[in-house]
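# Working through the structure, step by step
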Amino acid sequence: MSVAERRTGGPAETPCVVAATAVTKRFGRLEVLRGVDLEVPAGRITGLVGPNASGKSTFIKTVLGLVRPDSGRLTVLGQPVNGDERYRRGLGYMPQDARFPENLTGREVLEMVRDLRGPGQTEDVELLGLFGLETELAKPVRSLSGGTRQKLSAAVAFLFRPDLLVLDEPTAGLDPVASGLFKEKLLAARERGASALLASHTLSELEELADDIVFLLDGRVRYHGPVAELMRLTGFARLEKAIAALMQRGQA
Amino acid sequence: MRIARKILAYQLRDIVRNRWVIGYTVVLLVLTEALFRLGGSGDRVILSLLNLVLIFVPLVALTFGTLYLYTAREFIELLLAQPVGRRAMFAGLWGGLATPLCGALLIGVGLPFLLHAGEGAVPVHALLILLGTGVLLTSAFTALAFLIALRFEDRARGFGTALLVWLGCAVVYDGLVLLAVTVFSDYPLETPLLILTLLNPLDLGRVLLLLDFDVAALMGYTGAVFQRFLGTGLGLTLALAALLAWSAVPLWLGVRRFERRDF
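Reading guide: rules and limits
Note on numbering: residues in each chain are counted from 1, in written sequence order. Naming scheme: in the order in which they are written, chains are lettered from A and ligands are numbered from 1. Under the rules for a predicted model, residues below a pLDDT of 70 receive no local features and side-chain atom pairs below 80 are neither given nor counted, while totals for whole chains, interfaces and linings still include all residues. We count a stretch as a helix when DSSP gives it H or I for four or more residues in a row; a strand needs E for two or more, and each element gets its number in order from the N terminus. The reference for a compact globule is 2.2 Å times residues^0.38; the radius of gyration itself is calculated from the C-alpha atoms. With C-beta atoms placed from the backbone, a contact is any residue pair whose C-beta atoms sit within 7 Å. Put simply, a nonpolar core is buried Ala, Val, Leu, Ile, Met, Phe, Trp, Tyr and Cys residues tied into one set by C-beta atoms within 7 Å. Exposure in this text rests on C-beta crowding, where 20 or more other C-beta atoms within 10 Å of a residue's own make it buried, 12 or fewer make it exposed, and counts in between make it partly exposed. The C-beta atoms are placed from the backbone. pLDDT is defined as a per-residue confidence score from the predictor, taking values between 0 and 100. Here, strands pair whenever DSSP counts at least two bridges between them. Fitted lines through C-alpha atoms serve as axes, helices being fitted only where they are in contact, and the angles separating the N-to-C directions of these axes extend from 0 to 180 degrees. Here the angle decides the label: under 35 degrees means roughly parallel, over 145 means roughly antiparallel, 65 to 115 means roughly perpendicular, and every other value means oblique. By definition, any crossing whose near helix is turned counterclockwise from its far helix by less than a right angle is left-handed, and any crossing with a clockwise turn is right-handed. Three classes are used: nonpolar for Ala, Val, Leu, Ile, Met, Phe, Trp, Tyr, Cys and Pro, charged for Asp, Glu, Lys and Arg, and polar for all others, with Gly counted as polar.

Glancing now at the overall build of chain A. Counting its secondary structure elements, chain A contains nine helices and ten strands. Taken over C-alpha atoms, the radius of gyration comes to 18 Å for chain A, in line with the 18 Å a tight globule of 252 residues would show. For chain A, the spread of C-alpha atoms along the three principal axes comes to 55 × 45 × 40 Å. Taking as baseline every contact in chain A between residues at least 6 positions apart, the subset at least 24 positions apart corresponds to 72%.

Counting 150 residues, the largest nonpolar core has Ala155(A), Val166(A) and Leu197(A) as its most contacted members. The contacts of Val166(A), once residues within four sequence positions are left out, are Ile60(A), Val63(A), Leu64(A), Leu91(A), Tyr93(A) and Leu197(A).

Let us now look at the confidence of the model for chain B. All names here are of chain B. Confidence in the prediction for chain B averages 86 pLDDT; 91% of positions are at 70 or higher. Taken element by element, chain B is modelled with least confidence in helix α9 (residues 201-213), mean pLDDT 78, and with most confidence in helix α5 (residues 86-115), mean pLDDT 93. Here the complex is predicted with pTM 0.86, and the ipTM for its interfaces comes to 0.83.

For the rest of this paragraph, the subject is the environment of Val171(B). Looking at the secondary structure, you find Val171(B) in helix α7 (residues 155-183). In sequence terms Val171(B) and Leu202(B) are 31 residues apart; their C-alpha atoms lie 9.9 Å from each other.

Turning next to the pairing of strand β4 (residues 71-76) of chain A. All names here are of chain A. Here five bridges tie strand β1 (residues 16-27) to β4, and the two strands are oriented antiparallel to one another. Bridge pairing in β4 places alanine 20 opposite leucine 74. Following β4, the chain reverses through two residues before pairing antiparallel with strand β5 (residues 79-80); leucine 77 in that reversal takes a positive phi of roughly 55°.

Moving on: the packing of helix α2 (residues 19-39) of chain B against helix α3 (residues 42-71) of chain B. For any two helices packed against each other, the geometry comes down to the angle between their axes and how far apart the axes lie. Residues and elements named next belong to chain B. Two elements in contact, α2 and α3, have axes whose closest approach is 10 Å; the angle formed by their N-to-C orientations is 165°. Judged by the inter-axis angle, α2 sits roughly antiparallel to α3. Relative to α3, the crossing made by α2 is right-handed. Here Trp20, Tyr24, Leu31, Thr32, Leu35, Phe36 and Gly39 of α2 come into contact with α3, specifically with Arg44, Val45, Ser48, Leu49, Leu52, Val60 and Phe64. Looking at side-chain class alone, the contact of α2 with α3 contains ten nonpolar, three polar and one charged residues.

Next up on the list: the sheet that holds strand β2 (residues 30-41) of chain A. Residue and element names in this part refer to chain A. The antiparallel open sheet is built from four strands, whose spatial order is β2-β1-β4-β5. Among the strands making up the open sheet, the edge pair consists of β2 and β5. In the sheet, β1 pairs with β2 via nine bridges, with the strands oriented antiparallel. Within the sheet, the bridge partner assigned to valine 23 lies in β2 and is valine 36.

Spelled out as structure tokens, the structure:
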């Protein structure tokens with residue numbers, strides 16, 4: 001929390017958007033992260049894969065500052081994650097299951113997020129138009145379908161042109177058309193230099209989007225490298241088979 | 001503070017449209033109006049409302065407060081992923097809950113009094129004490145509700161605990177105090193009883209209301225002791241301070257928990 005500590009984090013132009021060194025976290029007797037070492041390079045889409053309970057969600061939540069690591073060092077966008085909320089100005093987060101105050105309208109939700117960020121942020125409302133959300137924005141959130149809520153959540157994540165997008169199973173609740181639009185949006189964001197951390201079980205989607213793959217197992221990073229490299233290493237042409245091979249190797 | 005105020009403003013907009021809060025306001029309105037039609041004079045209405053406020057207000061604050069925090073959980077995560085500090089988030093959430101519940105009480109009870117203002121003497125002072133106590137109780141029990149919801153991950157256990165706390169404060173506590181008085185009747189009990197009263201926010205509310213009405217006999221054992229040994233002035237001050245502490249301490253503990261917890 002100290003000022004000195006903040007300064008040593010350095011400027012935001014470090015090539016890594018997320019740098020984790022020996023990050024551990026346990027919930028009671030359950031060791032969820034057992035020393036995660038990871039450097040997520042800037043300007044790339046990094047797919048986060050792993051079986052259930054491998055620590056994916058927990059790791060994502062430590063990046064967001066929602067979960068506090070027990071030990072280890074974690075910097076995001078060049079700033080240490082230490083309880084100071086300012087680094088999150090550069091983040092865009094889309095959770096697996098987005099929920100908003102049910103009696104607010106979609107427009108009020110957007111207004112609230114905008115208000116909390118304060119002035120001086122350039123906005124990107126393209127997704128609202130692409131998803132055809134304009135008419136839905138007048139309705140209270142409680143009357144929106146799950147898919148529409150996800151669309152709203154995606155629009156919120158992209159709203160402030162974040163440097164780092166943190167996406168947790170983003171397309172799970174989206175219909176194929178919306179899912180396609182979302183993917184295009186993500187690739188366009190990468191074009192302008194943004195980075196993304198993308199947790200997904202849909203390997204075909206990762207094959208389409210991810211530049212790098214991080215494979216988590218039992219709270220440790222078992223593989224981190226370009227998608228093509230992973231396929232070459234395992235000898236499979238499909239990401240699905242390559243990951244399956246990793247999982248089997250990990251359990252052996 | 002700026003961020004907390006903003007969160008409060010939007011939470012407020014959400015909660016005033018909540019059907020339970022609207023229902024709470026309507027029930028208070030109907031009950032107060034009914035008391036006027038049945039009982040007549042403002043004095044008697046206030047005395048009847050007294051028990052209503054002591055029982056009903058904490059129940060609503062505890063149950064609605066815990067449920068509210070559990071339902072808002074995903075949204076809290078989403079907001080905490082924004083550049084929003086935890087203290088500001090906590091303050092905004094609590095203010096956004098306590099303010100509309102207090103509003104419901106002020107409208108539900110206050111409005112009928114305004115409407116009947118012309119029909120004879122309204123005991124303004126007593127009404128203000130009643131509303132003020134209601135506001136303080138709302139504040140204390142929503143703070144306790146937050147503390148409970150932050151303590152228990154599991155909704156069912158949290159909700160159950162909230163109901164137990166209410167039952168304990170509203171029913172069991174006075175019974176236990178009476179039992180203790182009977183068992184230890186050979187000993188001087190004034191000081192222990194005073195302390196026991198300070199330990200129950202509902203008793204404190206009762207003391208505040210009844211000291212002002214000067215009807216010590218109706219106060220139950222703890223209230224009677226309060227008036228006899230402290231007198232009205234000192235008693236009021238002490239009860240008020242203790243009741244404020246019942247908001248401040250749970251809020252302080254809640255903030256600490258909220259700052260450290262994992263979402």
